[in-house]
Amino acid sequence: MNTGIDVVRIARFGALYIAAARFRSMFKWRTVIAAVDIGNPLFYLIAIGIGIGVLVENNSGTSGTSGIKYIAFIAPALLASSAITGVMDECVFPVIEGFKWRKLFYAQNATPITGKQIAIGVYLAALSRAVFSVVIYYLLLLTFNVVDFGISILIVPIAIMAGGSFGAVMLYFAAKVEKEDYFFNIIGRLIVMPMFLFSGTFFPLSSMPIYLQPIGWISPLWHATELGREAAFEYGLSPLVITTHLLFLTAVTVVGLILSIGQFERRLAK
Amino acid sequence: MSTAIEIAQSRSSSAMYAGRPQVLLERSWLAFRSTTWVPIFTGFIEPVLFLLAFGYGMGNLVGNISVGSASIDYTMFIAPGLLATSAMNGAVYDSTWNVFFKLNESKLYKTMLSTPLGPMDIALGEITWALLRGLVYSIGFLTVVSVFGLTPSVWAVLAIPAASLVAFGFASFGMAITSFFKTYQQMGFVTFVLLPMNLFSGSLYPISVYPDWLEKIIMALPLWHGIELVRAFWFGNINSGILVHIFYFLIMIAVGLFVTSHRLRALFLR
Amino acid sequence: MSNPLICVRGLTKKFGDLTAVDGVNFEVAEGESFGLLGPNGAGKSTIMCILAATSTRTSGTVEILDKDPEKFGPLVRAHLGVVPQQDNLDGELTVSENLFIYGRYFGLSKKFINNKIEELLEFAQLQEKRDVKVEALSGGMKRRLTIARGLVSEPDILLLDEPTTGLDPQARHILWDRLFRLKEQGVTLVLTTHFMDEAEQLCDRLVVMDKGAIMAQGSPAGLIKEYSSKEVLEVRFGSERNADVALVLRNICERMEVLPDRILMYADDGEKLLEEITVLKLHPTTSLVRRSSLEDVFLRLTGRTLIE
Ligand SMILES: Nc1ncnc2c1ncn2[C@@H]1O[C@H](COP(=O)(O)OP(=O)(O)O)[C@@H](O)[C@H]1O
Ligand SMILES: [Mg+2]
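Attention in this report is confined to the structure presented alongside it.

The rules behind these values
- Residues numbered from 1 in each chain as written.
- Chains lettered and ligands numbered in written order.
- Predicted model: local features only at pLDDT ≥ 70, side-chain atom pairs only at ≥ 80, totals over all residues.
- Heavy atoms only, no water.
- Helix = DSSP H or I, 4+ residues; strand = E, 2+ residues; numbered from the N terminus.
- Buried < 20%, exposed > 50% of the residue type's maximum accessible area, 1.4 Å probe, protein only.
- Contact = heavy atoms within 4.5 Å.
- Areas by Shrake-Rupley, 256 points an atom, 1.4 Å probe, with all protein chains shown as cover.
- Lys, Arg positive; Asp, Glu negative; His and termini not counted.
- Charge placed at Lys NZ, Arg CZ, Asp CG, Glu CD.
- Buried area = accessible area lost by both parts, 1.4 Å probe.
- Salt bridge = Lys/Arg side-chain N within 4 Å of Asp/Glu carboxyl O.
- Polar contact = N/O pair within 3.5 Å; in protein donor to acceptor, adjacent residues only side chain to side chain.
- Donors = N, O, S within 2.8 Å, 3.2 Å for Na, K, Ca; no water.
- Expected span 1.5 Å × (residues − 1).
- Bend = angle between axes of the 7 residues up to and from the residue.
- Patch = residues over 30% accessible without salt bridge, like charges linked within 9 Å, V, L, I, M, F, W, Y side chains within 5 Å.
- Near = heavy atom within 4 Å.
- Nonpolar A, V, L, I, M, F, W, Y, C, P; charged D, E, K, R; others polar.
- Pairing = 2+ DSSP bridges.
- Axes fitted to C-alpha atoms, helices over the stretch in contact; angles between N-to-C directions.
- Phe/Tyr/Trp six-rings, centres within 6.5 Å; stacked < 30°, edge-to-face > 60°.
- Left-handed = near helix turned anticlockwise from the far one by under 90°.

Details of the overall build of chain C
Along its length, chain C carries 11 helices and 13 strands. Oriented by its inertia axes, the alpha-carbon framework of chain C measures out at about 75 × 45 × 40 Å. Looking at the 308 residues of chain C, the share that counts as buried comes to 55%. A separation threshold of at least 6 residues defines the contact pool for chain C, and within that pool the share at least 24 residues apart is 67%. Counting every atom, chain C has about 13,500 Å² of accessible surface; 49% of that belongs to carbon and sulfur. Taking the average location of the 38 positive side-chain charges in chain C and that of its 47 negative ones, the two points are 2 Å from each other.

Looking at the interface of chain A and chain B
In many reports, interface size means the accessible area that the parts give up when they come together. Taken residue by residue, the interface counts 39 residues in chain A and 34 residues in chain B. Roughly 3,200 Å² is buried in total at the junction of chain A and chain B, and carbon and sulfur atoms are behind 79% of that figure. Interface area lost by chain A to chain B is led by Phe43(A), Tyr182(A) and Arg189(A), which between them contribute 20%. For the pair chain A and chain B, the number of links is 1 salt bridge. Salt-bridge contacts for Arg189(A) lead to Glu46(B); the nearest nitrogen and oxygen are separated by 3.3 Å. Counting across the interface, chain A meets chain B through 6 residue pairs in polar contact (both at pLDDT 80 or more). Of all elements in the fold, only helix H2 (30-60) and helix H7 (183-197) of chain A reach the threshold of two or more residues within the side of chain A that touches chain B.

Here we look at the coordination of the magnesium ion (ligand 2)
Residue and element names in this part refer to chain C. The coordination sphere of the magnesium ion (ligand 2) contains the protein donors Ser45 (OG) and Gln85 (OE1), at a distance range of 2.0 to 2.2 Å. Of this pair, serine 45 sits in helix H1 (residues 44-51) while glutamine 85 sits in the loop between strand S5 (80-83) and helix H3 (95-105), placing them 40 residues apart in sequence. Of the residues examined, serine 45 reaches a relative accessible area of 23% and is grouped as partly exposed.

Considerations on helix H4 (residues 110-123) of chain C
All names here are of chain C. Relative to the 20 Å expected for 14 residues at 1.5 Å per residue, H4 spans 20 Å between its end C-alpha atoms, a close match to the ideal helical length. Isoleucine 117 marks where H4 bends most, by close to 25 degrees. Those residues of H4 that sit buried are Phe112, Ile113, Lys116, Ile117, Leu120, Leu121 and Phe123. Phi for glutamine 125, located one or two positions after H4, is positive at around 55 degrees.

Notes on the interface of chain B and chain C
Opposite the 33 residues of chain B that make contact, chain C presents 32 residues. Between chain B and chain C the total buried area reaches about 2,800 Å² when both faces are included, carbon and sulfur atoms providing 57% of it. In this assembly, chain B and chain C are joined by 4 salt bridges. Measuring nitrogen to oxygen at the nearest pair gives 2.7 Å for the salt bridge that ties Glu97(C) to Arg33(B). Our enumeration of links across chain B and chain C arrives at 9 residue pairs in polar contact (both at pLDDT 80 or more).

Some details on a nonpolar patch on the surface
There is a patch of nonpolar side chains on the surface, built from Ile210(A), Tyr211(A), Trp217(A), Ile218(A), Tyr56(B) and Phe148(B) and spanning about 690 Å² of accessible area. On the secondary structure map, Trp217(A) appears in helix H8 (residues 213-217). Given a relative accessible area of 40%, Trp217(A) falls into the partly exposed group.

Here we look at the site of ligand 1
Residues and elements named next belong to chain C. Taken together, Phe15, Leu18, Ala20, Pro39, Asn40, Gly41, Ala42, Gly43, Lys44, Ser45 and Thr46 form the complete shell of residues around ligand 1. One of the backbone nitrogen or oxygen atoms of alanine 42 is found 3.1 Å away from an oxygen atom of ligand 1. Within the backbone of lysine 44, an N or O atom sits 2.9 Å from an oxygen atom of ligand 1. Relative to its unbound accessible surface of 560 Å², ligand 1 loses 62% to contact with the protein. Those elements giving two or more residues to the shell around ligand 1 turn out to be strand S2 (18-28) and H1. Here the shell around ligand 1 takes 3 residues from H1, the largest share from any one element. Counted by class, the shell around ligand 1 contains 5 nonpolar, 5 polar and 1 charged residues.

So, the sheet that holds strand S9 (residues 213-218) of chain C
Residues and elements named next belong to chain C. Here we have 6 strands laid out as an open sheet, ordered S5-S6-S7-S3-S8-S9, and mixed in their pairing. Looking at the sheet topology across the chains shown, the edges are occupied by S5 and S9. Each strand axis lies, on average, 15 degrees off the axis of its neighbour in the sheet, ignoring direction. Pairing of strand S3 (residues 33-37) with strand S7 (residues 188-193) involves 5 bridges; the strand directions are parallel. When the bridges of S7 are listed, serine 33 appears paired with leucine 189.

Focus: unusual backbone geometry
Residues and elements named next belong to chain C. We note that glutamate 154 has phi near 45 degrees; this positive angle belongs to a residue other than glycine. Position of glutamate 154 among the secondary structure elements: in the loop between helix H5 (139-150) and strand S6 (157-161). Phi is positive for glutamate 162, close to 50 degrees, though the residue is something other than glycine. Inspection of the secondary structure assignment puts glutamate 162 in the loop between S6 and helix H6 (169-184). Looking at glutamate 162, the relative accessible area reads 2%, which means it is buried.

Details of the packing of aromatic side chains
Pairs of aromatic rings are described using the distance from one ring centre to the other and the angle between the two planes. Taken as a whole and assessed by the stated rule, the structure comprises 27 aromatic pairs over all chains. A ring pair is formed by Phe183(A) and Phe184(A), whose centres lie 5.8 Å apart and whose planes are at 75 degrees; its orientation type is edge-to-face. When its relative accessible area of 13% is taken as the criterion, Phe183(A) is described as buried. With relative accessibility at 29%, the residue Phe184(A) sits in the partly exposed group. Judged by centre distance (6.1 Å) and plane angle (65 degrees), the ring pair of Tyr102(C) and Tyr105(C) falls under edge-to-face.

Describing a negative patch on the surface
On the surface, Asp268(C), Asp269(C), Glu271(C), Glu275(C) and Glu276(C) cluster together into a negatively charged patch. Inspection of the secondary structure puts Asp268(C) in the loop between strand S12 (263-267) and helix H10 (270-279).

Regarding the packing of helix H5 (residues 115-143) of chain A against helix H6 (residues 155-176) of chain A
All names here are of chain A. Where H5 contacts H6, the two axes come as close as 9 Å, and the packing angle between them is 150 degrees. H5 and H6 meet at a crossing whose hand is right-handed. Contacts from Ala119, Val122, Tyr123, Leu127, Ala130, Val131, Val134, Val135, Tyr138 and Leu141 of H5 reach H6 at Ile155, Val156, Ala159, Ile160, Gly164, Ser165, Gly167, Ala168 and Leu171. Class assignment for the residues of the contact of H5 with H6 results in 16 nonpolar, 3 polar and no charged.

Shown next as structure tokens:
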């Protein structure tokens, strides 16, 4: 009987143990992480939000942005984008390191910890990075009066969901990488950058030609951006659309995690 | 005495310079031949994506921009800015991360300095390579832009040498700075400094939207000079003002080469 | 008599408070194979870097081909082949590309190098690997390639820093064979090692170094003759008994070294000495009679073994 309970315990703590180990190593980089996760979106917010904001106001006022001030219009998108890149970093580097560079995962797997627990542990730690930076970023938005306190606080969990869904998928791809030569290059410039630019981040997706809009439809960033705008302002999404966005993010997360766990187990067993 | 040595001796050489920077290009070409086109392609695609996203999406929101007395289409306005920015990014990437690797990981420069090559050969050779890659990006970008019909006149071709000068300046300066760095954290700092410069230097909007003091700071930064220089050639606004920009980059090149070669000497010949 | 190719006088190198090389003198003549033998940290690599004109000295004079490497760095380097302690092949290039581009660094013509490459690939026994990236080579192959690379410019002097350290015995023997060929061809070799067998095999003349200073110099045979006996008897009595037995043995042997695991007894006739021990009814668990080596010379000079 006792042994049964022990297995459950190990199963539970295994993932947390891995997460804690990852968390400790992230903590060493906290200044860099804070600078990147908060600095980057802040630079975009100030540069583009103010710079292009002036141009937009002089030209079309707020008619192109659903009556929202331009800087406020892009704020939820930048928040989600920061969560996405933060979670992605923590789902990619540690995994390639764990499987390839330092082969740490194999050592961990030699203990009773399973591949599934390693995958989930790494993922949880990655999410914690998003929580940390998104909360701080939200406080900054409040301070600068970009959004008003209230229901807008929902943009925090929405951004984390965006990071979580993209991160789950990247976790899978990182676990598949055997040769990393151009992996970062391709991910960075052919996936993350187009996603960042074509997800309605800086302008409504509908203002793009129709053949470029599908990039947004499959991008967690666009779904989170739409939800975020709904939470932060009167954006006018119907409950059905809201549900669709939420379902999309959840589905991507679940599928990504299932694939990742399978891939972790297969690779560790090899 | 052997033929080999006679040949080697027939070249005059000082402690700093053997007069053979082109062998660095040969080496880069050999190494490059066996790599794929992935990094080149992704480097080229980035400004094109920006052009598409901001041109299509933002154009509607922003309308026309006035440059001097003319009022021009927004997409037309950002094209030369993106050209200058991509020249900078390409040159900086080659002269920072690549150089960091050869300084600290593969110790390639150390090996080179155990042959008759001098530090100046290395500095000139590596910087020229970065410049050539920047040139390929620029030509690619100009071609795409021309296909979209965004070039105001054939004089836009002159923007290519202008972009090369920008790349040269950033490459030599980037290499000089990299020669002081020892850890990856310090390298991350480069990326972090580049982002605000990228965003604030007026590639996406005229810096006149900013308060006076901020405008002054931006005008002291090299990328602003680069963008203004490329834009001047792009639109054929050639006047004595561009001499300032050219002078700025000549200084950057001179300082960069001087510092780099002396640092290499201090690092590996002591 | 022609001038020596290398002439080092009172060479000293300090790293802060640490004196890595302390007043070293030696000369190397043309065609000679000269060795620096000493344990890790003796200062061998430091000397090699100074000879290679990639490091400056604190004091003393160095002349290579009648030139001061510090003043005429590129000129001196043009005449040297350098094989550093750590292989520093170009990981982004193939085997033949490594040879090619290295020759280009020396300003050699493409035609000259392309002819030379065939010869060098054969020398390094890497013909089959010519188009392979160097990362895929074994340690021994990399080492051979590094040596071949050093020869591309037909140097007057080849500097080899620990050419076989880290290689397995088979790879070492292949390498020794290659170096022996160079020696036969009359290439001037300067090599460092902490293996006494390597020094004995490859060096016409060597200096024994410890803590930055030269303890002795001469030919391997000469050094052995001067600092050791003809033969050595190695006996073991088990680690507890060694010290006690040693007290007794002192009576029958003039010079001996008591090491933690064994006792070395120096004599002209080792078998005879072993008989005397048997007569004393001291039964060693193992015994071995061998010729004296440079290891014994080093032990004599410093009281320590080369590899600790
Ligand atoms: N760049 C350096 N900075 C400081 N100390 C050094 C440096 N290079 C070597 N040393 C020290 O000098 C001594 C001699 O080193 P080295 O010449 O590498 O010895 P060997 O090659 O005989 O093993 C060692 O104590 C080493 O730690
Ligand atoms: Mg050494």
